[in-house]
Amino acid sequence: MTAWGWRVPLLLGCVIIPFSFRLRRSLQETDEFVARKAQASASEILRSLTANWWIVVIGTMMVTMTTVSFYMITAYTPTFGDSVLHLASKDSLLVTLCVGASNLFWLPVMGAVSDRVGRRPLLLVFTTLMLVTAYPVMLWLVGEPSFSRLLTVELWLSFLYRQLQWRHGRVLDGDYAD
């Protein structure tokens, strides 16, 4: 794999590029886009970004939060449990499997809660919880490494992440209804 195998996905990705361009050119634009009389110029887009800089910053922060949370939960913590905490590899794999199963449960449940309570309150609560609890739960895990602690930390962070991901996506898509 290290000698030449890594090139296979790279080459497959390169082969897909022309098909992606062809697919994009064959797709039809939406009626709303076609109905626009003039396309925005680069200077108009820049003026819009400047006028709405706060929305751009908040959107960037929201995407950053979900991206960092995703990698912390799916890549960093299991690897950390395996290589730094010296837990068994099968334990890390089992924890990752449990996290995936919990995601299947929490997404529809919290979607229903969000429909009742509103998106903004949950967005604020879960973002704050992630910011406030991520470091302490990792310290707790490092204090006395075990399978049960790794599982607890992963499930907690996964629970928070799934709420953030769903809520952030809905807010960024323009769904502000509370």
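Residues numbered from 1 in each chain as written. Predicted model: local features only at pLDDT ≥ 70, side-chain atom pairs only at ≥ 80, totals over all residues. Heavy atoms only, no water.

**A look at the overall build of the protein**
Point 1. Per the secondary structure count, the protein includes seven helices and zero strands.
Point 2. The linear arrangement of helices and strands in the protein, starting from the amino end, is α-α-α-α-α-α-α.
Point 3. On the principal axes, the C-alpha backbone points of the protein span a range of 65 × 50 × 30 Å.
Point 4. Burial analysis of the protein (178 residues in total) assigns 29% to the buried set.
Point 5. Taking as baseline every contact in the protein between residues at least 6 positions apart, the subset at least 24 positions apart corresponds to 78%.
Point 6. On the protein, roughly 12,400 Å² of surface is accessible, and the fraction owed to carbon and sulfur atoms is 70%.
Point 7. Separation of charge centres in the protein, based on 15 positive and 12 negative side chains, amounts to 5 Å. (Helix = DSSP H or I, 4+ residues; strand = E, 2+ residues; numbered from the N terminus. Buried < 20%, exposed > 50% of the residue type's maximum accessible area, 1.4 Å probe, protein only. Contact = heavy atoms within 4.5 Å. Areas by Shrake-Rupley, 256 points an atom, 1.4 Å probe, with all protein chains shown as cover. Lys, Arg positive; Asp, Glu negative; His and termini not counted. Charge placed at Lys NZ, Arg CZ, Asp CG, Glu CD.)

**Looking at the packing of helix 5 (residues 89-117) against helix 6 (residues 119-143)**
Point 1. Two elements in contact, helix 5 and helix 6, have axes whose closest approach is 7 Å; the angle formed by their N-to-C orientations is 120°. Here helix 5 lies oblique to helix 6, going by the angle between them. Across the interface between the two elements, Met110, Val113, Ser114, Asp115 and Val117 from helix 5 touch Arg119, Pro121, Leu122 and Phe126 from helix 6.
Point 2. The residue makeup of the contact of helix 5 with helix 6, split by class, is six nonpolar, one polar and two charged. (Axes fitted to C-alpha atoms, helices over the stretch in contact; angles between N-to-C directions. Parallel < 35°, antiparallel > 145°, perpendicular 65-115°, else oblique. Nonpolar A, V, L, I, M, F, W, Y, C, P; charged D, E, K, R; others polar.)

**Some words on the pattern of salt bridges**
Point 1. Per the stated rule, a full pass over the model turns up three salt bridges.
Point 2. Taking the shortest distance from any N to any O, the salt bridge between Asp115 and Arg119 comes out at 3.4 Å.
Point 3. Residue classification places Asp115 among the exposed residues on the basis of a relative accessible area of 53%.
Point 4. A salt bridge links Glu144 to Arg149; the nearest nitrogen and oxygen atoms lie 4.0 Å apart. (Salt bridge = Lys/Arg side-chain N within 4 Å of Asp/Glu carboxyl O.)

**Structural notes on the packing of helix 4 (residues 53-83) against helix 6**
Point 1. Interhelical geometry of helix 4 versus helix 6 gives an angle of 25° and a closest axis separation of 12 Å. By the angle between their directions, the pair helix 4 and helix 6 is classed as roughly parallel. Helix 6 is crossed by helix 4, and the crossing has left-handed handedness. In contact with Met62, Met65, Ser69, Met72, Tyr76, Thr77 and Phe80 of helix 4, helix 6 contributes Leu123, Thr127, Met130, Leu131, Ala134, Met138, Leu141 and Val142.
Point 2. The class makeup of the residues in the contact of helix 4 with helix 6 is 12 nonpolar, three polar and no charged. (Left-handed = near helix turned anticlockwise from the far one by under 90°.)

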